[in-house]
Amino acid sequence: MIRLLRGRIAAAALGAMACFVVYVAFTLLLPDVRQNLEERATDLTLGLAMELVATPAPGSTPVVVIDIDAASTGAIGAWPWRRSLLADLVDKAAAAGAVAIAIDILFADPDQRSPAALARRLGQMVEDPSLAALADRLDDDDRRFAQALGGRPTVLGFALTPTAAKTVRGAPVLVRGRAGLDGMWRFAGADAPTEVLAAAATGSGCLALPGDSDGIVRRLPLFVGVGDEIRPGLALEAVRVGVGASLYKLDGGQGRFATGSITGALAADAMLRLPPLAATPPIKAIPARDVLAANGPVAALAGAIVFIGGSAPELGACGRQRARR
């Protein structure tokens, strides 16, 4: 009996020592390595949880991507495209009955490719006022694009910058308990769309996505700090525009946000933790070339929140997408 008891005590001691060694080893790991292990464990948990939500809830608004993919750039032309083509995509989505149209592309500079833009540049180079006057009679892609955006539920994106830059337009954000949002992603300024385009769009949202040290994007910003202002991420802004809400309400103390009838949890960093891409229900993507070639309304866009973006390598999309696992 004594030998058996001693054996059990020894086994328990060895087990405790092994647990202690594992704990010490884990705590001594480099911060990035430890964080990656924690994130992968969370990925596994979220992936298992997603198996219980295999399909969207009944009555939920569909999300559709108009994808400027490699096949589209191969068929229509290399990127960047003229903004008149993007205006055509907006027209197609609006004609189909999209509830919101968000464009995941930054338009920080004026158009440089339309006949009007080329005439203005040439007029400046040769100092010929007649060429600048000619530009007013030629096709102007910024004017065409602004017309497509105006009066429709459209959202443009802005990029975050470490120095103060342009003012970012946006819906009012009413904040209660701001101290609860101390971990929010904050930058001094932003690169916003040109004034003519920003004024035409209904909303504006942040394009940036933070990546972890292993290169995987696991978080989506619901809100970001731009100087002293709080602005939404592109995805949430598309939701706000889609439901027709006029503002956001944030409660940092309670950890909640609301826009119209949409409410949700709000972490201290104002980020939404994403499950692994392989575990999420597939989102319908339609090549941009197919949308442009369609003779009538594209049925899949009806009643949907539509994102116009690109997976073609020349759009820099490879670094923006979450890795499949």
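What you are looking at is a predicted structure, and each value in this text was computed from that prediction instead of being measured. (Residues numbered from 1 in each chain as written. Predicted model: local features only at pLDDT ≥ 70, side-chain atom pairs only at ≥ 80, totals over all residues. Heavy atoms only, no water.)

Engineer: Explain the overall build of the chain here, please?
Structural biologist: When its secondary structure is counted, the chain shows ten helices and 16 strands. Relative to its full complement of 325 residues, the chain shows a buried share of 38%. For the chain, long-range pairs separated by at least 24 residues make up 79% of all intrachain contacts whose partners lie at least 6 apart in sequence. By element, 60% of the accessible surface of the chain is carried by carbon and sulfur atoms, the whole surface being about 17300 Å². (Helix = DSSP H or I, 4+ residues; strand = E, 2+ residues; numbered from the N terminus. Buried < 20%, exposed > 50% of the residue type's maximum accessible area, 1.4 Å probe, protein only. Contact = heavy atoms within 4.5 Å. Areas by Shrake-Rupley, 256 points an atom, 1.4 Å probe, with all protein chains shown as cover.)

Engineer: I'm lost on helix α7 (residues 141-149) in this one. Help?
Structural biologist: In an α-helix there are 3.6 residues to a turn, and that puts residues three or four apart on one side. Taken as a whole, α7 has its buried residues at D141, D142, F145, A146, A148 and L149. Within α7, the buried residues cover an arc of 160° as seen down the axis, which keeps them to one side. Taken from the residues just after α7, G151 is the one with a positive phi, measuring 70°. (Arc of directions from axis to C-beta.)

Engineer: Before we go on, may I ask you to explain the nonpolar core in this structure?
Structural biologist: If you look at soluble globular proteins, the nonpolar side chains tend to sit buried side by side. Counting residues in hydrophobic clusters, the biggest one holds 31 residues, and the most contacted among them are I66, I103, F145, L301 and I308. For this core, the elements supplying multiple residues, two or more each, are β1 (63-67), α4 (83-96), β2 (100-103), α7, α8 (195-200), α10 (288-293) and β16 (305-309). Looking at which element gives the most residues to this core, the answer is α4, with six residues. The contacts of I66, once residues within four sequence positions are left out, are L89, A93, I286, A288, V291, L301, V306, F307, I308 and G309. (Core = buried A, V, L, I, M, F, W, Y, C linked by side-chain atoms within 4.5 Å.)

Engineer: Got a minute to help me understand the side chain of S114 in this structure?
Structural biologist: For S114, the position within the fold is in the loop between β2 and α5 (115-126). Look at S114 and you get buried, because its relative accessible area is 0%. In terms of polar contacts, S114 uses its side chain to reach the backbone carbonyl oxygen of D139, at 3.5 Å. What S114 contacts, discounting residues up to four positions off in sequence, is R82, D139, D140 and D141. (Polar contact = N/O pair within 3.5 Å; in protein donor to acceptor, adjacent residues only side chain to side chain.)

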